[in-house]
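# Tertiary structure, described
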Amino acid sequence: MSTNTLIPLNRNAAEFISKPKKMLINGKWVEALSGETSQTYNPATGEVITSVAKGGKEDIDRAVNAARKAFEEGPWPKLKPNERAKLLLKLADLLDENAEEIAHLETLENGRSVKFSSFVAPNAAAHFRYYAGWATRLTGETIPTSRPGDVFNYTRREPIGVCGAINPWNGPFMSAVMKLAAPLSTGNTVVLKPASETPLGTLRLGELIQEAGFPDGVVNIVTGPGTTLGNALTLHPEVDKIAFTGSTDVGKQIMKNCAETIKKVTLELGGKSAHIIFADADYEVALKNAANAIFMNSGQVCFAGSRLFVEGKIYDNFVADLADYAKTYKLGNGFDPDTILGPVISAKQKQSVLNYIDIGKSEGAEVITGGDAAEDGLTQGYYVKPTVLGNVRNDMTIAQDEIFGPVVAAIPFHSVEEVIEMANKSIYGLGGGICTTDVRKAHKVAHAMRTGNVWVNTYSLVDPASPFGGYKQSGIGRENGSAAIDAYTEIKNVWINLD
Ligand code: NAD
């Protein structure tokens, strides 16, 4: 058990959670129409953080109405691109100014170590700055048609309209940022629903959005239960597009709901990413990559390298060394300055992860390290030891289901062809990693992997300029880069008769 003194909670964060949190609708902080509230919990201790408005369908209605009005009538559609850019840049500056508070709110509600949550605000600011640039660069095309007669044919990029966004709890602040920067830069309005477990950072972002001077109704945030709010938003006839990040099962329901009114939909869903370690890899780099790819954020990362394929001739040594590496991670409260791995998000998630480990054992996997809840004074929060499972086959449940916890399934392979086939045998296709010093092999395998993102001799890199998303049941569409501009704009084609 650590005897370290915890980093004191940032004063502004303490002030923020000292009052019950309301929702942002049409530029005002409001309670749920029902007057109901729910509580949020610190996963490191299980204690209540604060209470939050428990919105209902009627609150989604008023948020959507506000977003629709702001889109159709408010100052938003009339703002010039450079004025939209200015607001996004102002917001980025405010994120920099409030970076510590944002980091502490993220650690408080999500559990991740302050060491890592301190990157959240700088990343968020970079994201808004990148999309501020896009606001003034949205151009159409002039098209040389082959029709008889003299015509001028061109395209315009126009905002889609009211965008509904639904987010998970595992990276709550950046998820919110990724649901705002691209749609706002392109002139849309947004109704955002954070995960019930982690609404606080998003609500603080709402305050900064107001401070930056965004017009009322352009960004609305509704907090409350997933199914009620999610159904209300995804079925709402006045919502033009839904962007969802979360589990594949909920993503399927959202697609069905969106079909009712043919909403545009982008989905960032689950993963079971293959991380392939070839025997010719730089051993130390590969070891570090393999460990960080699965254990960061206690494995609660959609692109976590949770299926680890290791070439047969180094398999036993590599898996044993990975287990030793995992034991060096300090597990604890994210406010302990030495903590690397925080808790998982909830008692339910902890139980789910432990159940998967039991399933793995019953299927014949061997627990090389971890395999149970952490003790050592960590009995109050939701801690699971980093776990390495050996003797795994690719067809086992633990190699196919997304566990979303600090659990890696290590599988041996003996040829490039075999590992490509196994890596692609998954319903998911989000991330993938390759460690090798052979550049030809790196390209060959990267091209063969049916995933949206591949990292070679590194892992987990994400950048606002670089498209992110999944193949197969890991999603539809891409966030970041120019791909997100496509996702948040309609292309209008105009014909002018010049005869
Ligand atoms: P989840 O699907 O349970 O919940 C996600 C969001 O959907 C939450 O806000 C929840 O309240 C809401 N929701 C729940 N039921 C709903 C319904 N019927 N209709 C509409 N919304 C509903 O996911 P989670 O447990 O919060 O997050 C973990 C999952 O998210 C994992 O599967 C992970 O891989 C995935 N994820 C994917 C990415 C990506 O970019 N691909 C990123 C982060 C997380």
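Residues numbered from 1 in each chain as written. Predicted model: local features only at pLDDT ≥ 70, side-chain atom pairs only at ≥ 80, totals over all residues. Heavy atoms only, no water.

It is worth spelling out helix 2 (residues 57-72) at this point. Note that an α-helix has 3.6 residues per turn; residues three or four places apart therefore point the same way. A rise of 1.5 Å per residue sets the reference length of helix 2, with its 16 residues, at 22 Å; its end C-alpha atoms lie 22 Å apart and thus fit the reference within 8%. As for helix 2, its buried residues are in contact with strand 1 (23-25), strand 5 (151-159), strand 6 (162-166), strand 7 (189-193), strand 8 (219-221) and helix 10 (226-235). (Helix = DSSP H or I, 4+ residues; strand = E, 2+ residues; numbered from the N terminus. Expected span 1.5 Å × (residues − 1). Contact = heavy atoms within 4.5 Å.)

In this section: helix 11 (residues 248-259). The end-to-end C-alpha distance of helix 11 is 17 Å, a good match for the 16 Å that twelve residues give at a rise of 1.5 Å each. Taken together, the buried positions of helix 11 are occupied by Thr248, Gly251, Ile254, Asn257 and Cys258. Projection of helix 11 onto a plane perpendicular to its axis shows the buried side chains occupying an angular sector of 165°, all on one side. Residues Asp249 and Lys256 are exposed on helix 11 and point more than 90 degrees away from its buried face. Considering only its buried residues, helix 11 is in contact with strand 6, helix 10, strand 9 (241-245), strand 10 (264-268) and strand 16 (428-429). (Buried < 20%, exposed > 50% of the residue type's maximum accessible area, 1.4 Å probe, protein only. Arc of directions from axis to C-beta.)

Okay, the side chain of Glu158 next. Note on placement: Glu158 falls in strand 5. The class for Glu158 is buried, based on a relative accessible area of 17%. At a separation of 2.8 Å, a polar atom in the side chain of Glu158 contacts the side chain of Arg156. Sequence-distant contacts of Glu158, that is, excluding residues within four places in its chain, are made with Tyr488, Thr489, Glu490 and Lys492. (Polar contact = N/O pair within 3.5 Å; in protein donor to acceptor, adjacent residues only side chain to side chain.)

Right, let's talk about the state of the cysteines for a bit. Tallied over the entire structure, the rule returns zero disulfides. Between Cys258, a cysteine without a disulfide, and Cys163, which holds the nearest cysteine sulfur, the sulfur-to-sulfur distance is 11 Å. Overall, Cys258 belongs to the buried group, its relative accessible area being 2%. Of all cysteine sulfurs in the structure, the one in Cys302 sits closest to Cys435, which takes part in no disulfide; the separation is 19 Å. (Disulfide = S-S within 2.5 Å.)

What follows covers the environment of Pro199. For Pro199, the position within the fold is in the loop between strand 7 and helix 9 (200-212). Overall, Pro199 belongs to the buried group, its relative accessible area being 2%. Pro199 sits 184 residues away from Glu15 along the chain, and the two C-alpha atoms are 16 Å apart. Apart from the residues lying within four places of it in its own chain, the contact partners of Pro199 are Thr40, Val52, Glu109, Pro194 and Thr223.

A few words on the pairing of strand 17 (residues 432-435). Of the two faces of strand 17, both are covered, the one formed by Gly432 and Ile434 as well as the one formed by Gly433 and Cys435. In the sheet, strand 11 (residues 274-277) pairs with strand 17 via four bridges, with the strands oriented parallel. By the bridge assignment, Ala274 is partnered in strand 17 with Gly432. Across two bridges, the pairing between strand 17 and strand 18 (residues 455-456) is parallel. Within strand 18, the residue paired with Ile434 across the bridge is Val456. (Pairing = 2+ DSSP bridges.)

Counting through the fold element by element, Asn110 comes out in helix 4 (residues 99-110). With a relative accessible area of 1%, Asn110 lands in the buried category. Within polar-contact distance, the side chain of Asn110 engages the backbone oxygen of Trp169 at 3.0 Å. Of note is the side chain of Asn110, whose polar atom sits 3.1 Å from the backbone oxygen of Asn170. Aside from chain neighbours lying at most four places away, what touches Asn110 is Pro43, Trp169, Asn170, Gly171, Pro172, Thr198, Asn297, Pro343 and Ile345.

A few words now on the packing of aromatic side chains. Summed over the entire model, instances satisfying the criterion amount to eleven aromatic pairs. Here Trp76 and Phe214 contribute two aromatic rings whose centre-to-centre distance is 5.9 Å and whose plane-to-plane angle is 45°, an arrangement assigned as tilted. Separated by 138 residues along the polypeptide, Trp76 in the loop between helix 2 and helix 3 (81-97) and Phe214 in the loop between helix 9 and strand 8 bring together distant segments of the chain. On the accessibility criterion, Trp76 (1% relative accessible area) is buried. Exposure remark for Phe214: the relative accessible area of 6% places this residue in the buried category. With 5.7 Å between their ring centres and 75° between their planes, Phe303 and Phe468 make a pair best called edge-to-face. Here Phe303 is found in the loop between helix 12 (283-295) and strand 12 (307-311), whereas its partner Phe468 is found in the loop between strand 18 and strand 19 (471-472), with 165 residues between them in sequence. With respect to class, Phe303 is no different from Phe468; both count as buried. Pairwise contacts between aromatic rings join Phe303, Trp455, Tyr459 and Phe468 into one cluster. The ring of Phe16 has Lys21 sitting right over it, with the charged end atom 3.8 Å from the ring centre. We note Lys241 situated over the ring of Tyr488; from NZ or CZ to the ring centre the distance is 4.5 Å. (Phe/Tyr/Trp six-rings, centres within 6.5 Å; stacked < 30°, edge-to-face > 60°. Lys NZ or Arg CZ within 6 Å of the ring centre and 35° of its normal.)

Close contact between helix 3 and helix 9 brings their axes to 9 Å; oriented N to C, the two are set at 130°. Relative to helix 9, the element helix 3 lies oblique. By crossing handedness, the relation of helix 3 to helix 9 is classed as right-handed. Contacts between helix 3 and helix 9 involve Leu87, Lys90, Leu91, Leu94 and Leu95 on the former and, on the latter, Leu205, Leu208, Ile209, Glu211 and Ala212. Counted by class, the contact of helix 3 with helix 9 contains eight nonpolar, no polar and two charged residues. (Axes fitted to C-alpha atoms, helices over the stretch in contact; angles between N-to-C directions. Parallel < 35°, antiparallel > 145°, perpendicular 65-115°, else oblique. Left-handed = near helix turned anticlockwise from the far one by under 90°. Nonpolar A, V, L, I, M, F, W, Y, C, P; charged D, E, K, R; others polar.)

Moving on: the nonpolar core. Ranked by internal contacts, the top residues of the largest apolar core, which has 57 residues, are Leu91, Leu95, Phe128, Leu180, Leu184, Leu205 and Phe214. No other element matches the eight residues that helix 6 (residues 120-135) contributes to this core. Residues contacting Leu180, with those up to four places away along its chain left out, are Phe128, Val190, Leu192, Leu205, Ile209 and Val219. Counting 38 residues, the second largest nonpolar core, distinct from the first, contains Ile294, Val301, Ala410 and Phe468. (Core = buried A, V, L, I, M, F, W, Y, C linked by side-chain atoms within 4.5 Å.)

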